[in-house]
Amino acid sequence: MREIVMDTETTGFDPETGDRIVEIGGVELLNHVPTGRTYHQYINPERGMPQDAFEVHGLGDEFLRDKPVFAKIADEFLEFVGDSKLVIHNASFDMKFLNAELRWLKKPQLPWEQAIDTLAIARKKFPGSPASLDALCRRFGIDNASRTLHGALLDSEILAEVYLELIGGKQPDFALAPIRDAKSGGENDDWRPSRRPTPLPSHLTEQEKAAHAAFVEKLGDGALWLKA
């Protein structure tokens, strides 16, 4: 199962009033495991950057001036995404911008059902609690110290960790995965853990051992510990 954890940065809140995408970041997961493959692109929005938006992500007119416009990266972006599920925090925001950019170019739209909204998952799982990306990082003990400004790729990498925690941890199917028989290549239902070659050291102190021995002695010859 392939998923793309994704984030965008924009010039504002509404593409229908002239706002545009200025950055896209994506992290590829296969069966909930990061593959190391990412997508990252800065984009020239072909308009000025409002101060409010600049203070969020720090991407200004001078920096973006020589970056490609969305039309130049659209096909590469669609090829990377394919038909994989898109894991997005507040998916409605990013999806409306992506589909607006694609619509203006007469490119195929991304189906809304292709998106997985981690904001909705978090609100359902922790009703009444803060569900921002920063709040979820605090809840799950995820280090986001480098996140002084919003950045699409960094936020995607952090969101990937948050998403895996929201769905049950980094290996949600670990306990359910069938054990393969190394000889036959099939499933081995009789597998049992083997004895450790070297026993773990005892954490009991000599005082605790002596106290336990005295307790057992008081129980007499029928004590269970004497039958082991």
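Up top you'll find the structure we're talking about.
Residues numbered from 1 in each chain as written. Predicted model: local features only at pLDDT ≥ 70, side-chain atom pairs only at ≥ 80, totals over all residues. Heavy atoms only, no water.

**A short note on the overall build of the protein chain**
Spelled out, the test is: The way it works is that DSSP assigns letters per residue, a run of H or I at least four long becomes a helix, a run of E at least two long becomes a strand, and they are numbered from the N terminus. With a 1.4 Å probe rolled over the protein chains alone, any residue whose accessible area is under 20% of its type maximum counts as buried; one over 50% counts as exposed, and the rest are partly exposed. Contacts: residue pairs with any heavy atoms within 4.5 Å of one another. Accessible surface area values rest on a Shrake-Rupley calculation with a 1.4 Å probe, where residue burial reflects the displayed protein chains alone.
When its secondary structure is counted, the protein chain shows eight helices and five strands. Reading the secondary structure of the protein chain in the N-to-C direction produces β-β-β-α-α-α-β-α-β-α-α-α-α. Across the 228 residues of the protein chain, 37% fall into the buried class. Long-range pairs, those at least 24 residues apart, make up 63% of the contacts in the protein chain with a sequence separation of at least 6. Total accessible area on the protein chain stands at roughly 14400 Å², and carbon and sulfur atoms take up 54% of it.

**Concerning helix H4 (residues 91-104)**
What counts, and what does not: Multiplying 1.5 Å by the residue count of a helix minus one yields the expected span of that helix.
With 14 residues, H4 extends 20 Å from end C-alpha to end C-alpha; this agrees with the ideal 20 Å at 1.5 Å per step. Looking at the buried residues of H4, the elements they touch are strand E1 (2-10), strand E2 (21-30), helix H3 (70-81), strand E4 (85-88) and strand E5 (115-117). Positive backbone phi, approximately 60 degrees, marks Lys106, located one or two places after H4.

**Points about the pattern of salt bridges**
Test applied: Here, a salt bridge means any Lys or Arg side-chain nitrogen found within 4 Å of an Asp or Glu carboxyl oxygen.
Under the criterion given, the structure shown has eight salt bridges. Where Glu28 meets Arg2, a salt bridge forms, and the shortest distance between an N and an O atom there is 2.6 Å. Taken together, the residues Glu28 in strand E2 and Arg2 in strand E1 connect sequence positions 26 residues apart. For Arg2, a relative accessible area of 22% gives the class partly exposed. Between Arg20 and Glu101 there is a salt bridge, with its nearest N and O atoms 2.9 Å apart. Taken together, the positions of Arg20 in the loop between E1 and E2 and Glu101 in helix H4 put the pair 81 residues apart, joining distant regions of the chain. With a relative accessible area of 2%, Glu101 lands in the buried category. Through salt bridges that share partners, Arg2, Glu28 and Arg37 make up one connected network.

**Section: the nonpolar core**
Selection rule: Only buried residues count toward a nonpolar core. Its members are Ala, Val, Leu, Ile, Met, Phe, Trp, Tyr and Cys residues joined through side-chain atoms within 4.5 Å.
Core analysis: the largest hydrophobic core is formed by 22 residues, its most contacted members being Met6, Ile24, Phe70, Phe77, Leu86 and Leu110. When residues of this core are assigned to their parent elements, the largest contribution, seven residues, is made by H3. Aside from chain neighbours lying at most four places away, what touches Phe70 is Arg20, Ile21, Ile24, Ile43, Glu101, Leu102 and Leu105. Counting residues in hydrophobic clusters, the runner-up holds 20 residues, among them Ala122, Ile142, Ile158 and Ala160.

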